[in-house]
Amino acid sequence: MYEALFEDEDDIFGGSPKSKFMDVVFNANNDIVRQELANFIEKVATMELMLEEHVGEDIERAIQQYYIKHQDACDTKAKSLYVELMGAVLSQSE
């Protein structure tokens, strides 16, 4: 979705999506950041339970194997998630 943003990480927002996310998280309203992180953790917990139903209880191994096979797509998705979460925090900030 955000693939065009990642062509040159050093020129986006003056840093990588991860570094800009960290800047936002440490400078935004603490209550907003806490709520967005709680929402994110709830989403991850739900996805882990769904994955556990499909691959069994050894989801860490399944995740590692999937990452090895799809590293570029996973890295791009991680960058998109940084941007998405940063946007959620910034859209609620004063």
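For the structure, check the block above.
A short tour of the structure in this document, coming up. (Residues numbered from 1 in each chain as written. Predicted model: local features only at pLDDT ≥ 70, side-chain atom pairs only at ≥ 80, totals over all residues. Heavy atoms only, no water.)

Across its full length, the protein chain carries four helices and zero strands. Helices and strands in the protein chain line up, N terminus first, as α-α-α-α. Pairs at least 24 residues apart make up 66% of the contacts formed inside the protein chain by residues separated by at least 6 positions. Element-wise, carbon and sulfur atoms account for 53% of the exposed surface of the protein chain, whose accessible area totals about 7,200 Å². (Helix = DSSP H or I, 4+ residues; strand = E, 2+ residues; numbered from the N terminus. Contact = heavy atoms within 4.5 Å. Areas by Shrake-Rupley, 256 points an atom, 1.4 Å probe, with all protein chains shown as cover.)

At a minimum axis distance of 9 Å, the contact between helix α2 (residues 30-55) and helix α4 (residues 71-92) shows a crossing angle of 145 degrees. Remark: the crossing between α2 and α4 carries right-handed chirality. Side by side, α2 and α4 meet where I32, V33, E36, L37, F40 and K43 of the first sit next to E84, L85, A88, V89 and Q92 of the second. (Axes fitted to C-alpha atoms, helices over the stretch in contact; angles between N-to-C directions. Left-handed = near helix turned anticlockwise from the far one by under 90°.)

Another aspect to go through is the packing of aromatic side chains. Here the structure, examined in full by the defined rule, presents one aromatic pair. Where F21 meets Y82, the ring centres are 5.3 Å apart and the plane angle is 55 degrees; that geometry is what we call tilted. Of this pair, F21 sits in helix α1 (residues 17-27) while Y82 sits in helix α4, placing them 61 residues apart in sequence. Since its relative accessible area comes to 8%, F21 is described here as buried. Judged by its relative accessible area of 23%, Y82 falls in the partly exposed class. (Phe/Tyr/Trp six-rings, centres within 6.5 Å; stacked < 30°, edge-to-face > 60°. Buried < 20%, exposed > 50% of the residue type's maximum accessible area, 1.4 Å probe, protein only.)

By size, the foremost hydrophobic cluster in this structure holds nine residues: F21, V24, V25, A28, I32, V33, L85, M86 and V89. Sorting the residues of this core by element identifies α1, α2 and α4 as the ones contributing at least two each. Dropping the residues within four chain positions of it, V33 is found in contact with V25, A28 and V89. (Core = buried A, V, L, I, M, F, W, Y, C linked by side-chain atoms within 4.5 Å.)

In this section: the pattern of salt bridges. Side chains that differ in charge, positive against negative, can pair when their charged atoms come close. By the definition in use, this model includes two salt bridges. We note a salt bridge from D23 to K20, for which the minimum N-O separation is 3.0 Å. You can see D23 and its partner K20 sitting in helix α1, three residues apart, about one turn around the helix. (Salt bridge = Lys/Arg side-chain N within 4 Å of Asp/Glu carboxyl O.)

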